Amino acid sequence: YDLSAINTPGAKDLKIFPNPVQDRLNIESAVFTNGVTRISISDPLGRVVLATSITVSNGHLAAQLDMHNLTGGLYLIKVTDADAKEWKYKCIKN
(Lines give C-alpha, C1' and ligand atoms only; values in the text may rest on other atoms or scores of the structure.)
Protein backbone atom coordinates (compact mmCIF):
# COMPACT_ATOMS: atom_id res chain seq x y z
CA TYR A 1 0.00 0.00 0.00
CA ASP A 2 1.11 3.55 -0.66
CA LEU A 3 2.42 5.13 2.51
CA SER A 4 3.23 8.48 0.97
CA ALA A 5 1.73 11.52 2.55
CA ILE A 6 -1.28 13.21 1.05
CA ASN A 7 -0.11 16.56 -0.39
CA THR A 8 2.36 17.07 2.46
CA PRO A 9 5.89 18.25 1.70
CA GLY A 10 8.67 16.93 3.93
CA ALA A 11 6.69 13.87 4.99
CA LYS A 12 9.62 11.57 4.29
CA ASP A 13 10.86 12.39 7.81
CA LEU A 14 7.95 10.44 9.35
CA LYS A 15 7.74 6.65 9.43
CA ILE A 16 4.30 5.11 9.92
CA PHE A 17 4.22 1.31 10.12
CA PRO A 18 3.04 -1.38 9.69
CA ASN A 19 0.63 -0.64 6.90
CA PRO A 20 -1.69 -2.48 6.77
CA VAL A 21 -1.96 -2.57 10.57
CA GLN A 22 -3.61 -5.18 12.77
CA ASP A 23 -3.21 -4.00 16.36
CA ARG A 24 -0.55 -1.33 16.95
CA LEU A 25 0.49 1.48 14.63
CA ASN A 26 3.95 3.01 15.12
CA ILE A 27 4.79 6.60 14.25
CA GLU A 28 8.45 7.63 14.39
CA SER A 29 10.75 10.45 13.36
CA ALA A 30 14.32 11.25 14.35
CA VAL A 31 13.99 14.84 13.07
CA PHE A 32 10.92 16.46 14.61
CA THR A 33 9.95 19.73 16.31
CA ASN A 34 10.17 19.65 20.12
CA GLY A 35 6.95 20.29 22.02
CA VAL A 36 3.47 18.80 22.01
CA THR A 37 2.55 16.78 18.92
CA ARG A 38 -1.07 15.85 18.25
CA ILE A 39 -1.99 12.65 16.42
CA SER A 40 -5.49 11.83 15.24
CA ILE A 41 -7.01 8.96 13.30
CA SER A 42 -10.18 9.57 11.29
CA ASP A 43 -12.52 7.16 9.55
CA PRO A 44 -13.61 7.60 5.90
CA LEU A 45 -16.49 9.84 7.02
CA GLY A 46 -14.08 12.25 8.73
CA ARG A 47 -14.99 11.26 12.28
CA VAL A 48 -12.02 11.24 14.68
CA VAL A 49 -11.91 7.72 16.15
CA LEU A 50 -8.63 8.05 18.05
CA ALA A 51 -6.65 11.08 19.24
CA THR A 52 -3.62 11.56 21.45
CA SER A 53 -0.93 14.10 22.31
CA ILE A 54 2.76 13.30 22.77
CA THR A 55 5.58 15.49 24.05
CA VAL A 56 8.56 15.40 21.70
CA SER A 57 12.00 16.07 23.16
CA ASN A 58 15.44 15.98 21.55
CA GLY A 59 13.72 15.98 18.15
CA HIS A 60 12.65 12.33 18.47
CA LEU A 61 9.01 11.36 17.98
CA ALA A 62 7.99 7.83 18.96
CA ALA A 63 4.33 6.88 19.32
CA GLN A 64 2.46 3.60 19.36
CA LEU A 65 -1.30 3.73 18.80
CA ASP A 66 -3.62 0.88 19.76
CA MET A 67 -5.94 0.25 16.81
CA HIS A 68 -7.18 -3.24 17.70
CA ASN A 69 -10.70 -1.98 18.56
CA LEU A 70 -11.16 -0.22 15.20
CA THR A 71 -13.04 -1.98 12.42
CA GLY A 72 -11.21 -2.92 9.24
CA GLY A 73 -10.95 -0.31 6.52
CA LEU A 74 -9.23 2.87 5.41
CA TYR A 75 -8.18 5.54 7.93
CA LEU A 76 -6.52 8.94 7.74
CA ILE A 77 -3.64 9.59 10.14
CA LYS A 78 -2.97 13.27 10.89
CA VAL A 79 0.16 14.35 12.76
CA THR A 80 0.43 18.00 13.86
CA ASP A 81 3.69 19.24 15.37
CA ALA A 82 4.25 22.04 17.91
CA ASP A 83 4.56 24.57 15.05
CA ALA A 84 1.13 23.52 13.66
CA LYS A 85 2.72 21.81 10.63
CA GLU A 86 0.55 18.88 9.49
CA TRP A 87 1.26 15.53 7.85
CA LYS A 88 -1.52 13.28 6.56
CA TYR A 89 -1.23 9.59 5.72
CA LYS A 90 -3.54 6.84 4.56
CA CYS A 91 -3.58 3.63 6.57
CA ILE A 92 -5.36 0.32 6.14
CA LYS A 93 -6.67 -1.54 9.20
CA ASN A 94 -7.04 -5.30 8.72
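Below you will find a few notes about this structure. Just so it is clear, the structure is predicted and the values come from calculations on it, not from any experiment.

1. A closer look at the pairing of strand E6 (residues 73–80)
Then, number 1: Sheet topology note: the strand E3 (residues 35–42)/E6 ladder contains five bridges and is antiparallel. For Ser40, the partnering residue across the bridge sits in E6 and is Lys78.
Then, number 2: Relative to strand E7 (residues 86–93), E6 is paired through eight bridges, and the arrangement is antiparallel. Bridged to Ile77 within E7 is Tyr89.
Then, number 3: The antiparallel pairing of E6 with E7 creates a hairpin that spans five residues between the two strands, and Ala84 there sits at a positive phi of about 70°.

2. Re unusual backbone geometry
Then, number 1: The linkage connecting Phe17 with the following residue, Pro18, adopts the cis geometry, with an omega of -10°.
Then, number 2: With respect to the element layout, Pro18 can be found in the loop between strand E1 (15–17) and strand E2 (24–29).
Then, number 3: Note the cis peptide between Asn19 and Pro20, where omega equals 10°.
Then, number 4: Mapped onto the elements, Pro20 comes out in the loop between E1 and E2.
Then, number 5: Phi is positive for Asn58, close to 55°, though the residue is something other than glycine.
Then, number 6: For Asn58, the location among the structural elements is in the loop between strand E4 (48–56) and strand E5 (61–66).
Then, number 7: Given the relative accessible area of 74%, Asn58 is considered exposed.
Then, number 8: With phi around 70°, Ala84 is a residue other than glycine that occupies positive phi space.
Then, number 9: Along the chain, Ala84 falls in the loop between E6 and E7.

Quick notes on the rules
Residues numbered from 1 in each chain as written. Predicted model: local features only at pLDDT ≥ 70, side-chain atom pairs only at ≥ 80, totals over all residues. Heavy atoms only, no water. Pairing = 2+ DSSP bridges. Helix = DSSP H or I, 4+ residues; strand = E, 2+ residues; numbered from the N terminus. Buried < 20%, exposed > 50% of the residue type's maximum accessible area, 1.4 Å probe, protein only.

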